[in-house]
Amino acid sequence: MTSPSSSNPGRPPIHMIDAEADRLTELALAREEALPQVCGLLLREINRASIHTARTIPDDIVVMGSIVTFSDETTGAVRTVQLVYPGDADISAGRISILTPVGAGLIGLRKGQSIRWPDRDGDIRTLSIVDVATPAPTP
């Protein structure tokens, strides 16, 4: 079997939860006209992901709700954000939407991986995952 990243230089293997992949596909298709670039990027990532159940996905994978510390290798900046759905996004509180270039680039990566990814201006950046924490579900 060929690794999904072998045909995508700069794009490491990624993993997603089945229910999240379905919900993100629906979201990206619904918002594709308004946000064609980021929705197209997100759909390509979903299509190349290895799919797991919520019980079997490794705990060092960035999933929705994860708190992710990553570095931008271009600027040296290190940021910690929580990856959320658009309605929960609040950049001042550190919650970034999956429908941003950074959000779409982080989903499915694991601690220690890097990805070459476009920013809002289309410039290619290398994002490296420093740490991943997934908060416990709320009751």
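Here the structure is a predicted model, which is why all the values come from computation and not from measurement.

A. Structural context of the packing of aromatic side chains. One pass over the structure, following the stated rule, counts zero aromatic pairs. One Lys or Arg, Arg-23, reaches over the ring of Tyr-85 and ends 3.6 Å from the middle of that ring.

B. Quick look at the pairing of strand β4 (residues 78-84). Judged from the five bridges that link them, strand β3 (residues 67-72) and β4 form a sheet pairing that is antiparallel. By the bridge assignment, Val-68 is partnered in β4 with Val-81. Here β3 folds back onto β4, and the loop between the two strands holds five residues, one of which, Gly-76, carries a positive phi near 85°. In this sheet, strand β5 (residues 95-97) lies alongside β4 in parallel orientation, the contact comprising three bridges. By the bridge assignment, Leu-83 is partnered in β5 with Ile-96.

C. Layout of the nonpolar core. Judged by nonpolar contacts, the single largest core of 32 residues is most densely connected at Leu-24, Leu-42, Ile-98, Leu-106, Ile-107 and Ile-129. Secondary-structure elements contributing two or more residues to this core are α1 (18-31), α2 (36-48), β3, β4, α3 (101-106), β6 (114-118) and β7 (124-133). With six residues, the top contributor of residues to this core is α2. Those residues within four positions of Ile-98 in sequence are excluded, and the remaining contacts are Leu-24, Leu-27, Leu-42, Met-64, Leu-83, Val-84, Tyr-85, Pro-86, Gly-103, Ala-104 and Ile-107.

D. Molecular detail of the sheet that holds β7. The five strands lie next to each other as β5-β4-β3-β7-β6, forming an open sheet whose pairing is mixed. Of all strands in the sheet, those bounded by a partner on one side alone are β5 and β6. Across the sheet, the mean angle from the axis of one strand to that of its neighbour is 45°, orientation sign disregarded. As defined by bridge partners, β3 adjoins β7 across six bridges and the pair is classed as antiparallel. Bridge pairing in β7 links Phe-70 to Ile-129.

Calculation notes
- Residues numbered from 1 in each chain as written.
- Predicted model: local features only at pLDDT ≥ 70, side-chain atom pairs only at ≥ 80, totals over all residues.
- Heavy atoms only, no water.
- Phe/Tyr/Trp six-rings, centres within 6.5 Å; stacked < 30°, edge-to-face > 60°.
- Lys NZ or Arg CZ within 6 Å of the ring centre and 35° of its normal.
- Pairing = 2+ DSSP bridges.
- Helix = DSSP H or I, 4+ residues; strand = E, 2+ residues; numbered from the N terminus.
- Core = buried A, V, L, I, M, F, W, Y, C linked by side-chain atoms within 4.5 Å.
- Buried < 20%, exposed > 50% of the residue type's maximum accessible area, 1.4 Å probe, protein only.
- Contact = heavy atoms within 4.5 Å.
- Axes fitted to C-alpha atoms, helices over the stretch in contact; angles between N-to-C directions.

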